[in-house]
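# Understanding the architecture of this molecule
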Amino acid sequence: MTVFMFAPLAVPLLGAVAYAVLGWRPLTAWVGAVSAGLVLAAAVGASVEVAGSGEFAGEFTAAAGVLRADALTAFLLVVVGAVALLATVATPAHLAAEIEAGRATGRTARWHCVAVQLFLAATVLAVLAADLGLLWVGIEVAVLATGFLVGQGASRAGAEAAWKVVVVCSAGLALALLGVVFLETVGSNVDGVRIAVVLLVVGFGAMAGLAPLHAWLPDAHGQAPAPVAALLSGVLASVAVYAILRVRAVADVALGPTFGRVLLAALAVASLLVAASLLLAQRDYQRMLAYSSTGQLGLVALGAAIGGPLALAAALLHLLGHAIAKAVLLLGAGRIRQVTGTNRTEGVRGLAARHPMLAGAFGVGVLALLGLPPFSLFASGLGIARAGFAAGLGWLVAVALVLVLAMAVALVAHTSRMLLGEPPDSPGAATAPGALAVSTSAALVGGLVVCAALGVAAEPLATLLRQAAETVSTTPGAP
């Protein structure tokens, strides 16, 4: 098990060194994908090891107790590895198109890849951390890498977005750090623990793109390279949710389940309300996808609020399904911007006629995000709703469903106009080399296939999901 814990940390660091020394060139273009693939392989190995430790997941430690792995850790490593693999497989084609269009250089590509590998190592460290302090450090390093990646284009809009990422996420991290300090110093003082839990949940919620500290996410999605945007919604947000689940488990033990339930339910409804209201009038399709992330992660927060093994397992499946589907959509959106030269929904028409493969993947990705069968978000959303009704929170589920329906209407309306209609004259755009464009297609199709497979048969992950839910559930017998 020690190998499976150290490998996902060491491999991205070696990848960063390789890019820093050798630069970005045909020889090294696929180092990032190999690194992410090895992280995913280690995650699968850790999952097998944990799942085989008994009816309830075991816990493993390494590095003198600094690192820890249990079923929830292994599951999050799978999420991180899967999304990172999709993003890094699409990266060479994306960077090649940007260089050809004059928006990037080989030097830009080099430091982009270095930062992505450091981001990956930092998020893995956060997941493997044995305490909240080290988890905080891992997320802080990931946020710093994010700021660089969002602002690397040297445009004014990119610099402003990077600044917002650093400011808003640093504010959230400051709240979380204060919460860690409070939790360590207040002892058994109930009021102190309540303050600490609020600070931690709201602080880590900023990195997840949850309201009220969600404002950085749309700007980052609008300016970041497509593979980076996929990492933000699929990896950074998922790791932040992981931190919130750990905090929820502590809060349930110290305060009982009611306080954490009310706090997370408030964040969930606020996030869904923000997403639904802002999606209706959104005219930037990359920002549109960012607001949908706020809403979808609000559903995950709702599952965490409901609590119990069923709700938590459904929330974790939703986290994975959203991460993969959103990665596909953001990679597709980045390619749409390259071939159309605009990120405005009114500037994209008739995409199905001009780029059928890209339009098909994007359209199916939206259907996956809406939670239509056979995709995994259907099963996970249904599981969260069932658990909510079983827990006597039917009114809360009903409110969430109304807001989700509003989000779905907005997404369908915007997407249908982009895919259908008469194609406008294009102002000119980049075209990735054919051999590399195949890799983008592979990432899009592969992600959608995985989403569908998880919706039809989640059995390969069923045991791990159940054990991960039991890890943070203080009511193992609850529905």
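The rules behind the values
Residues numbered from 1 in each chain as written. Predicted model: local features only at pLDDT ≥ 70, side-chain atom pairs only at ≥ 80, totals over all residues. Heavy atoms only, no water. Helix = DSSP H or I, 4+ residues; strand = E, 2+ residues; numbered from the N terminus. Rg over C-alpha atoms; globule rule 2.2 N^0.38 Å. Buried < 20%, exposed > 50% of the residue type's maximum accessible area, 1.4 Å probe, protein only. Contact = heavy atoms within 4.5 Å. Areas by Shrake-Rupley, 256 points an atom, 1.4 Å probe, with all protein chains shown as cover. Lys, Arg positive; Asp, Glu negative; His and termini not counted. Charge placed at Lys NZ, Arg CZ, Asp CG, Glu CD. Polar contact = N/O pair within 3.5 Å; in protein donor to acceptor, adjacent residues only side chain to side chain. Expected span 1.5 Å × (residues − 1). Bend = angle between axes of the 7 residues up to and from the residue. Core = buried A, V, L, I, M, F, W, Y, C linked by side-chain atoms within 4.5 Å. Salt bridge = Lys/Arg side-chain N within 4 Å of Asp/Glu carboxyl O.

## Regarding the overall build of the protein chain
Within the protein chain one finds 18 helices and two strands. The C-alpha atoms of the protein chain give a radius of gyration of 21 Å, which matches the 23 Å a tight globule of 479 residues would have. Among the 479 residues that make up the protein chain, the fraction classed as buried is 59%. The contacts of the protein chain with a sequence gap of at least 6 include a subset with a gap of at least 24, amounting to 81%. Just so you have it, the protein chain exposes about 17,000 Å², and 70% of that area is on carbon and sulfur atoms. Taken together, the 22 basic and 19 acidic charged side chains of the protein chain have centroids lying 8 Å from each other.

## Thoughts on unusual backbone geometry
Here the residue pair alanine 211 and proline 212 is connected by a cis peptide bond, since its omega of 10° sits within 30 degrees of zero. Checked against the element boundaries, proline 212 lands in the loop between helix H7 (190-207) and helix H8 (216-223). Residue proline 374 follows proline 373 across a cis peptide bond; omega there is 10°. Within the secondary structure, proline 374 sits in the loop between helix H14 (356-369) and helix H15 (376-390). With phi around 55°, alanine 63 is a residue other than glycine that occupies positive phi space. You can see alanine 63 is positioned in the loop between strand E1 (60-62) and strand E2 (67-69). Taking relative accessible area as the criterion, alanine 63 reaches 37% and is therefore assigned partly exposed. For alanine 64, which is not a glycine, the phi torsion comes out positive at approximately 60°. In this structure, alanine 64 sits in the loop between E1 and E2.

## Let's talk about the side chain of serine 233
The residue serine 233 is located in helix H9 (residues 226-255) in this model. A residue is classified by how much of its surface remains accessible, and serine 233, at 1% relative accessible area, is buried. A polar side-chain atom of serine 233 sits 2.8 Å from a polar atom in the side chain of serine 293. Not counting chain neighbours up to four residues away, the residues in contact with serine 233 comprise His221, Ser238, Ser293, His322, Lys326 and Leu330.

## With respect to H9
Between its first and last C-alpha, H9 extends 42 Å over 30 residues, near the 44 Å set by a 1.5 Å rise per residue. Most pronounced at leucine 232, the bend in H9 amounts to some 35°. The element H9 is largely enclosed, with a buried count of 26 among its 30 residues. Note on H9: the residue one or two positions beyond its end, glycine 256, has a positive phi of about 90°.

## Brief notes about the environment of valine 450
You can see valine 450 is positioned in helix H17 (residues 434-456). For valine 450, a relative accessible area of 37% translates into the label partly exposed. It is 29 Å that separates the C-alpha atoms of valine 450 and glutamine 282, two residues lying 168 residues apart in sequence.

## A short note on the nonpolar core
Counting residues in each nonpolar core, the largest one holds 164 residues, and the members touching the most others are Phe75, Leu135, Ile139, Phe204, Met207, Trp216 and Phe362. Examining the composition of this core, we find that 20 residues originate from one element, helix H12 (residues 309-340), more than from any other. Setting aside residues no more than four positions away along its own chain, phenylalanine 204 makes contact with Leu135, Trp136, Ile139, Ala176, Ala240, Ala243, Ile244 and Val247. Core analysis: the second largest hydrophobic core is formed by eight residues, Tyr19, Leu95, Ala109 and Cys113 among them.

## Describing the pattern of salt bridges
Two side chains that carry opposite charge are able to pair once their charged atoms sit near each other. Summed over the entire model, instances satisfying the criterion amount to eight salt bridges. For the salt bridge of arginine 103 with glutamate 98, the shortest nitrogen-to-oxygen distance reads 2.9 Å. According to the relative accessible area criterion, arginine 103 is partly exposed, its value standing at 45%. Exposure remark for glutamate 98: the relative accessible area of 15% places this residue in the buried category. The residue glutamate 160 makes a salt bridge to arginine 156 at a minimum N-O spacing of 3.3 Å. Of this pair, glutamate 160 and arginine 156 are both found in helix H6 (residues 156-185), four residues apart, which corresponds to roughly one turn of the helix. You can call arginine 156 exposed: its relative accessible area is 69%.

Just distances and angles here, no functional claims.
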